[in-house]
Amino acid sequence: MTLTKNSFRDKCIQKMKKRQKQNKIYRDALVNKRLLAEIEKFSKKRLDILFYYPLANEANIVKSLQALRKKHNLYLPFMEGSSFKMVPFRLPLRKKKFGILEAENSLKNIKKIDIAIVPVVGVDGNFQRVGYGKGMYDRFFEKLQVKPYTIFVQSQLCYTKDFLCDKYDISCDVLITARTTLKKSGVLL
């Protein structure tokens, strides 16, 4: 059977569901440690960072979000139609479409970010994102004038060497999982 983007997505989602729940806290702690180390590589200047607020089956990066909150400008996606806009991270968060927690809407028009942290279901051989199939991140990144340093995050590696994604699917500079940090250059750390 030929591997397609949809079959790979299904395989990765099944892998995510089969993970042992008792190890989730440990895996998330490892992801947070690697994520903070990656962000610390940047200069000490105040960065504009797009985070995500995790769903139950995604890598929980809330500890990183809390740790970086005082040092940098943090933003979360705010759903708008078939895409989203960035809003400043502030509490309280409210549950919206797809069960995603979001900050309140803002009139602030954020044009540029330095780093984008994006959840992934899987990653193909071209370091492109396989997500849940809605295309929201793809539409959002298409609107950005300057591509930010992009970090894909997942608890457990779901990667294929095959090129499955479409031209419009976003790619990353680095992929972080609990066990590995994989750079686009092919260097496994």
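One can find the structure itself at the top, above this paragraph.
The sections below set out a description of the structure shown in this document. Chains are numbered independently. Their residues run from 1 in the order of the written sequence. Thresholds applied to this predicted model are a pLDDT of at least 70 for local features of residues and 80 or more for the giving and counting of side-chain atom pairs; totals over whole chains, interfaces and linings are not thresholded and use all residues. Excluded from the side-chain calculations are hydrogens and water; all other atoms, namely the structure's heavy atoms, are used.

Right, let's get into the overall build of the protein chain. Put simply, DSSP H or I for four residues or longer makes a helix, DSSP E for two residues or longer makes a strand, and each gets a number counted from the N terminus. A count of helical and extended segments in the protein chain gives four helices and eleven strands. Restricting the calculation to C-alpha atoms gives the radius of gyration, and the globule rule supplies 2.2 Å times the number of residues raised to the power 0.38. At 16 Å, the protein chain has a C-alpha radius of gyration in line with the 16 Å of a compact globule built from 189 residues. When its C-alpha atoms are laid out on the principal axes, the protein chain stretches across 50 × 35 × 30 Å. Accessibility here uses a 1.4 Å probe with only protein chains present; expressed as a share of the type maximum, an area under 20% marks a residue as buried, one over 50% as exposed, and anything in between as partly exposed. Looking at the protein chain as a whole, 52% of its 189 residues are labelled buried. For the protein chain, long-range pairs separated by at least 24 residues make up 67% of all intrachain contacts whose partners lie at least 6 apart in sequence. A positive count includes Lys and Arg, and a negative count includes Asp and Glu. His and the chain ends are not counted in either. Taken as the charge centre is NZ of Lys, CZ of Arg, CG of Asp or CD of Glu, depending on the residue. For the protein chain, the separation between the mean place of its 39 positive charges and that of its 17 negative charges on side chains is 5 Å. When checking whether two residues touch, look at their non-hydrogen atoms; a contact exists if any pair is within 4.5 Å.

Next up on the list: the environment of Thr177. The residue Thr177 is located in the loop between β10 (174-176) and β11 (181-183) in this model. For Thr177 and Leu157, which are 20 residues apart along the polypeptide, the C-alpha to C-alpha distance reads 6.0 Å. With residues up to four places along the chain from it excluded, the contact list for Thr177 reads Val31, Arg34, Gln154, Ser155, Gln156 and Leu157.

In this section: the sheet that holds strand β1 (residues 48-50). Each pair of strands is called paired provided DSSP finds at least two bridges between the two strands. Spatial strand order, β3-β2-β1-β6-β9-β10-β11: seven strands in an open sheet with mixed pairing. Edge strands, defined here as strands with exactly one partner in the open sheet, are β3 (83-88) and β11. Between one strand axis and the next, the sheet turns by 25 degrees as a mean value, whatever way the strands run. With three bridges joining them, strand β9 (residues 149-153) and β10 adopt parallel strand pairing. The residue bridging Phe152 from the neighbouring strand is Leu175, located in β10. Inter-axis angles, ranging from 0 to 180 degrees, are taken between N-to-C directions of lines fitted to C-alpha atoms, where helices are fitted over the stretch in contact.

Moving on, we come to the state of the cysteines. Any two cysteine sulfur atoms lying within 2.5 Å of each other are counted as a disulfide. Across all of its chains, the model carries one disulfide by this definition. Here Cys12 engages in a disulfide with Cys158; their sulfurs sit 2.0 Å apart. One quick way to see it: the torsion about the S-S bond of Cys12 and Cys158 is about -85 degrees, and its sign makes the bridge left-handed. Taken together, the residues Cys12 in helix α1 (residues 5-18) and Cys158 in the loop between β9 and β10 connect sequence positions 146 residues apart. By relative accessible area, which is 6% here, Cys158 ends up buried. Lacking any disulfide linkage, Cys172 is separated from the closest cysteine sulfur, that of Cys165, by 11 Å.

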